[in-house]
Amino acid sequence: MIVMSCNNISKSYIIEKILVDVTFAINDTEKVGLVGLNGAGKTTLFKILTNQISMDSGNMYISKDCKIGYLEQNSQISSNKTVFEEALDIFTPLINMESKLRNLEKQISAESNNPDSKLLQSLMHEYGKLSEEFSNKNGYGYQSEIKGVLKGLGFSDSQFNQPVNQLSGGQKTRLVLSKLLLKKPNILLLDEPTNHLDLQAIDWLEKYIKDYKGAALIISHDRQFLDATVDKIFHLEHGKIKTYNGNYTTYMKKRKAELQLLQKKFTEQQKEIERQKEIINRFMSYGGKRYIRQAQSRQKFLDKIDKVKRPPSDSKRAKIRFEPKIKSGNDILSVDNIKKSFDNKGIFENISFNIYKGEKTGIIGPNGVGKSTLFKIIMKKLKPSAGSIDIGHNVHIGYYDQELTHLNPDKTIIDEIWDENPKLDHYQIRTLLAQFLFYGDDIFKEIGELSGGEKSRISLLKLMLSKSNFLLMDEPTNHLDIESKEVLEDALINYQGTLLVISHDRYFLNKVTNKILEMNKDGMEEYLGNYNYYLEKKNSITIEDDEAPQMTKTQLKAAKKRERELIREKKKMKQAIKTLESEIASKEEKLKEIDNLMCQPDIYSNPEESVKLHKKSMNIKKDLDDLYEKWMDINE
């Protein structure tokens, strides 16, 4: 059954068309992902669906008694109540019903002592009816339900009694989401629901939405979240929606195939148009009525042709390339037994780990555990309460702050970049800004007016220009659309420096990292692989926990040391193989040059020169035999 549908909805701001004849339908249990570039109009569509803004034309159908729940991006809440009390507000009708039941119980008790009571029967009837309704609406379990949702979205027991006005912006958004889920609307409209959630909370929300009995329309840049929750994708591009059945991965495969076919059709049509134009020009140059009529006839055909639109290309993607200015030493960072407290309240302790040259390391852990604080300690913006940090030789750090606080809201885009890079000329600055999709007069916009995605691109450009060999990145994908994420991922994969990144984006962690550090308030666990490897190891540890003997701290350190040594040995082996193959290729090239020389008449007719070249050839062949033998030994 359809719970919501839109027919030919359009919306423009002055002369800019945001939505053009948007048409779709959502059934009562469907879970749909809404994707598109930043600025495509996704949030505008949500605001039209919730009557926050009006449409210019078109119509919308919402089924009778359908309740819509809308989570805005960065939703805020102001209240003097505690977290639990604020969530409890949702169940005010049940609380009132419970109060009424208690009053009825008192009345029934009083009437029971009166043998001539005429009210008792009607009171008993009313109590039975109300009690059944109370039970059906989960009246006996709503407090447990509140606790389950709050805990699922990352609130601890101790935070239940915390005043709402003391919460951070991210925590307030999570509380708004908690209240929305507890209301159980018929259709959920969720705008970036995973933005302020840690990995455990994202995992919980995935399961919740999969089991949700109502419908959901979800704007998200979290590809793995979409894969796990939706069975249909609405792709919003150039103001129009195209529907794809399946999850995000299925949609991407279908879209890629579509674009390839469209590109082929476009190329073929362009060739045909050029061929027709050449014929027209040739006929016109011949002169004569017959040829001119033929030319005019072909021109009419060209004018009426249904032209294939040029498919979207990568030319509109940001061009990011991180290149270290100088090479660092092998030891990048050593963190030894770090502890941090604020006002005698412990944040974390026993944090120890090492980062080596070329590693791409992801830090994961629950919100509030102190990951961003750890970064600030590494950056020497904060002092540790105990422990030490050593930064290696020739290590130059570049820092990406998830709050984007290092951007000056009063500066224009061009000044923000130019002030830190005064040696660049106007043309170079404009070229760089164009690579990050800032064109024309856009470069004179003030930073404070920009969207989160635009600010992120400015921050990434500044990081790129820093030429650092060690990047510290705190949630770099938070404000980026999916295409921008993919560009950033490719740039980091090709980066020749070292990366330490805090992220809750599992797709990003799988694609980019080769080591995971799981942080908790009592220490740091190391996993030598990407996020999927981390999950496998965690699951195997959970399964084998009862059977496996417990290792002491000394044994654990020794095991980790052996694992690191194995990794280093593998790296050395790979490098040795690469060096040998390079030498072999060089020797074979020289041998080829000598063979070519020996075939030349002026060489083979000169015995002395021939002997010299033959000796060189024999020496190279001997060297090649040795190199091949070494290569075989290593590969065995």
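Conventions adopted
- Residues numbered from 1 in each chain as written.
- Predicted model: local features only at pLDDT ≥ 70, side-chain atom pairs only at ≥ 80, totals over all residues.
- Heavy atoms only, no water.
- Helix = DSSP H or I, 4+ residues; strand = E, 2+ residues; numbered from the N terminus.
- Rg over C-alpha atoms; globule rule 2.2 N^0.38 Å.
- Buried < 20%, exposed > 50% of the residue type's maximum accessible area, 1.4 Å probe, protein only.
- Lys, Arg positive; Asp, Glu negative; His and termini not counted.
- Charge placed at Lys NZ, Arg CZ, Asp CG, Glu CD.
- Polar contact = N/O pair within 3.5 Å; in protein donor to acceptor, adjacent residues only side chain to side chain.
- Contact = heavy atoms within 4.5 Å.
- Core = buried A, V, L, I, M, F, W, Y, C linked by side-chain atoms within 4.5 Å.
- Pairing = 2+ DSSP bridges.
- Axes fitted to C-alpha atoms, helices over the stretch in contact; angles between N-to-C directions.
- Parallel < 35°, antiparallel > 145°, perpendicular 65-115°, else oblique.
- Left-handed = near helix turned anticlockwise from the far one by under 90°.
- Nonpolar A, V, L, I, M, F, W, Y, C, P; charged D, E, K, R; others polar.

### Focus: the overall build of the protein chain
1) Next: Looking only at helices and strands, the protein chain features 20 helices and 18 strands.
2) Next: Its C-alpha atoms give the protein chain a radius of gyration of 33 Å, clearly above 26 Å, the size a compact globule of 636 residues would have.
3) Next: When its C-alpha atoms are laid out on the principal axes, the protein chain stretches across 140 × 95 × 50 Å.
4) Next: Expressed as a percentage of the 636 residues in the protein chain, the buried residues total 42%.
5) Next: For the protein chain, the distance from the average position of its 99 positive side-chain charges to the average position of its 92 negative side-chain charges is 4 Å.

### Describing the side chain of Gln276
1) Next: Along the chain, the position of Gln276 falls in helix H9 (residues 248-286).
2) Next: Separated by 2.7 Å, the side chains of Gln276 and Arg298 make a polar contact.
3) Next: Sequence-distant contacts of Gln276, that is, excluding residues within four places in its chain, are made with Arg298 and Leu302.

### Side note on the nonpolar core
1) Next: Of all hydrophobic cores here, the largest spans 51 residues; its most connected members are Ile146, Leu150, Leu175, Leu190 and Leu205.
2) Next: In terms of residue count, the dominant contributor to this core is helix H6 (residues 169-183) (six residues).
3) Next: When sequence neighbours within four positions are dropped, the list of residues in contact with Leu190 reads Phe46, Leu71, Leu177, Leu180, Ile209, Leu217, Ile218 and Ile219.
4) Next: The next biggest cluster of nonpolar side chains, apart from the first, holds 35 residues, and it includes Phe436, Leu450, Met464 and Ala491.

### Structural notes on the pairing of strand E9 (residues 240-245)
1) Next: In terms of strand pairing, strand E8 (residues 232-237) meets E9 through six bridges, oriented antiparallel. Among the inter-strand pairings, Ile233 is bridged to a residue of E9, identified as Tyr244.
2) Next: What sits between E8 and E9 in their antiparallel hairpin is a turn of two residues, with His238 showing a positive phi close to 55°.

### Considering the packing of H9 against helix H10 (residues 289-304)
1) Next: Remark: H9 packs on H10, axes separated minimally by 8 Å, with the N-to-C direction vectors making an angle of 155°. Considering the angle they form, H9 stands roughly antiparallel to H10. Considering only the axes of H9 and H10, their crossing is left-handed. Along its contact with H9, which presents Ile273, Gln276, Lys277, Ile279, Ile280, Phe283, Met284 and Tyr286, the element H10 presents Tyr291, Ile292, Gln294, Ala295, Arg298, Gln299 and Leu302.
2) Next: Of the residues in the contact of H9 with H10, the class split is ten nonpolar, three polar and two charged.

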